[in-house]
Amino acid sequence: MNANRIIDMIVRQVVRRLVTRGVDKGFDLADRATRKPGQQSQARDPQTDRRMAQSAGGQSPSMKQAKQLTRQMRRFMRF
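Residues numbered from 1 in each chain as written. Predicted model: local features only at pLDDT ≥ 70, side-chain atom pairs only at ≥ 80, totals over all residues. Heavy atoms only, no water.

1. Re the overall build of the protein chain
Along the backbone of the protein chain there are 3 helices and 0 strands. When the elements of the protein chain are put in sequence order from the N terminus, they spell out α-α-α. Taking all 79 residues of the protein chain together, the buried fraction comes to 5%. Of the roughly 7500 Å² of accessible surface on the protein chain, a fraction of 56% belongs to carbon and sulfur atoms. (Helix = DSSP H or I, 4+ residues; strand = E, 2+ residues; numbered from the N terminus. Buried < 20%, exposed > 50% of the residue type's maximum accessible area, 1.4 Å probe, protein only. Areas by Shrake-Rupley, 256 points an atom, 1.4 Å probe, with all protein chains shown as cover.)

So, in structure tokens, the structure goes:
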């Protein structure tokens, strides 16, 4: 393996992590912008999550879709 390929692999990993952090920060900012002052996000309230899961008899459809999407994105990012 030559040095160029090794450097490319390292740079690719660093850029991927930076982009992921940037996207996460962007989603957090968008969430804060759409929330009313003093209103808590449901994603950060574990009691609400538990109540929703119990009332839905497991997972709500949106939570299930979110988990499926997360799994698909992880598979996609491996390549």
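2. Thoughts on the layout of surface pockets
Roughly 240 Å³ of internal volume is contained in the second largest pocket. What lines the second largest pocket is R16, V19, T20, V23, D24, M73 and M77. Elements supplying a minimum of two residues to the lining of the second largest pocket: helix 1 (3–34) and helix 3 (61–78). Counting residues per element, the lining of the second largest pocket draws most heavily on helix 1, which supplies 5 residues. (1 Å grid on protein atoms, 1.4 Å probe; cavity = no way out; pocket = protein on both sides within 12 Å on 5 of 7 lines; lining within 4 Å. Points joined across faces, edges and corners; volume = space filled by probe spheres on them.)

3. Quick look at a positive patch on the surface
Judged by side-chain charge, K67, R71, R74, R75 and R78 come together as a positively charged surface patch. Tracing the backbone through its elements, the reader meets R74 in helix 3. Residue classification places R74 among the exposed positions, given a relative accessible area of 55%. (Patch = residues over 30% accessible without salt bridge, like charges linked within 9 Å, V, L, I, M, F, W, Y side chains within 5 Å. Salt bridge = Lys/Arg side-chain N within 4 Å of Asp/Glu carboxyl O. Lys, Arg positive; Asp, Glu negative; His and termini not counted. Charge placed at Lys NZ, Arg CZ, Asp CG, Glu CD.)

4. A look at a nonpolar patch on the surface
Taken together, the side chains of M1, I6, M9, I10, V14 and L18 define a hydrophobic patch exposed on the protein surface, amounting to about 600 Å² of accessible area. By the element assignment, M9 lies in helix 1.

5. Quick notes on the confidence of the model for the protein chain
Of all residues in the protein chain, 66% attain a pLDDT of 70 or more, and the chain-wide mean is 78. When pLDDT is averaged over each helix and strand of the protein chain, the minimum, 63, is found for helix 2 (residues 46–55) and the maximum, 90, for helix 1. (pLDDT = per-residue confidence, 0-100.)

6. Considerations on the environment of T70
The residue T70 is located in helix 3 in this model. Within polar-contact distance, the side chain of T70 engages the backbone oxygen of A66 at 2.8 Å. (Polar contact = N/O pair within 3.5 Å; in protein donor to acceptor, adjacent residues only side chain to side chain.)

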